[in-house]
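The chain contents come next:
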Amino acid sequence: MLNKKVEEALNEQIKLEEESSRVYMAMASWCESNGFPGAAQFLYKHSDEERMHQTKLIHYVNDRGGHAVLNSLAEPGNVYKSLKDVFEQVLHHELHVTASINALYHLATQEKDYTTGQFLQWYIMEQIEEESLVNGILDKMNLAGDNKGGIFFIDKELAALGAPAAAPKAT
Ligand code: OFO
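Now for a look at the structure at hand. (Residues numbered from 1 in each chain as written. Predicted model: local features only at pLDDT ≥ 70, side-chain atom pairs only at ≥ 80, totals over all residues. Heavy atoms only, no water.)

Here helix α1 (residues 4-33) spans 44 Å end to end across 30 residues, near enough to the 44 Å set by a 1.5 Å rise per residue. The N-capping residue of α1, defined by a side-chain oxygen 3.0 Å from the backbone nitrogen of Lys5, is Asn3. Looking at the residues trailing α1, positive phi occurs at Gly35, about 85 degrees. (Helix = DSSP H or I, 4+ residues; strand = E, 2+ residues; numbered from the N terminus. Expected span 1.5 Å × (residues − 1). Polar contact = N/O pair within 3.5 Å; in protein donor to acceptor, adjacent residues only side chain to side chain.)

Structure (structure tokens):
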């Protein structure tokens, strides 16, 4: 059974994951309508992944005898200065999510809820992956600078990263 403090903190994280999904959806839409189809594909996929992070938390809270609830969300930013601005904001958002996951892990161990601590390990590893992926994209954008050809190729690469996973081959 979850204690109330941990349950409330998990519900806050559910809200943050939902907010992440909406923020990336808004970014994807901006990219799609501003000539960056690859970045749009990448961000739509990322938005779906955040929704999966949210759902995984909801099941966990309910499975532990708590009640996962949804909260109202602020309007996501819908306007960006450039593709680089989009990804700088993705990184900023991910750093915020990482801090939140770490605080949640700290609370769970303080409350001696080692099951939740174990469950959160997956999110801790996921944040490492996400931060490193976005840092890599930003490194390339910084190298490309204002070079339109460079940005065009980065957009193509993002399309590949955003492509649905290939179906497993029949054996
Ligand atoms: Fe849920 O990992 Fe990004 O925010």
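Position of His93 relative to the elements: it lies in helix α3 (residues 83-110). Residue His93 is classed as buried on the basis of its relative accessible area of 10%. Residue contacts for His93: discarding those within four places in its chain leaves Leu16, Glu19, Ser20, Val23 and Tyr24. (Buried < 20%, exposed > 50% of the residue type's maximum accessible area, 1.4 Å probe, protein only. Contact = heavy atoms within 4.5 Å.)

A few words now on helix α4 (residues 114-144). Between its first and last C-alpha atoms α4 spans 45 Å; for 31 residues at 1.5 Å apiece the expected length is 45 Å, and the two agree. Along α4, the helix axis deviates most sharply at Leu120, where the bend reaches about 30 degrees. (Bend = angle between axes of the 7 residues up to and from the residue.)

Another aspect to go through is the packing of aromatic side chains. What the rule picks out here adds up to seven aromatic pairs. With a centroid separation of 5.9 Å and 75 degrees between ring planes, the pair formed by Trp30 and Tyr80 is classed as edge-to-face. Remark: Tyr80 occurs in the loop between α2 (37-63) and α3 and Trp30 occurs in helix α1; sequence separation between them is 50 residues. Ring centres of Phe42 and Phe87 lie 5.9 Å apart, and the angle between their planes is 45 degrees; on these two criteria the pair is classed as tilted. Taken as a pair, Phe42 in helix α2 and Phe87 in helix α3 lie far apart in primary sequence, 45 residues in all. Residue Phe42 is classed as buried on the basis of its relative accessible area of 5%. Ring pairs connect the aromatic residues Tyr60, Phe119, Trp122 and Tyr123, which therefore count as one cluster. In this arrangement the basic side chain of Lys56 is found over the ring face of Trp122, its NZ or CZ atom lying 4.3 Å from the centre. (Phe/Tyr/Trp six-rings, centres within 6.5 Å; stacked < 30°, edge-to-face > 60°. Lys NZ or Arg CZ within 6 Å of the ring centre and 35° of its normal.)

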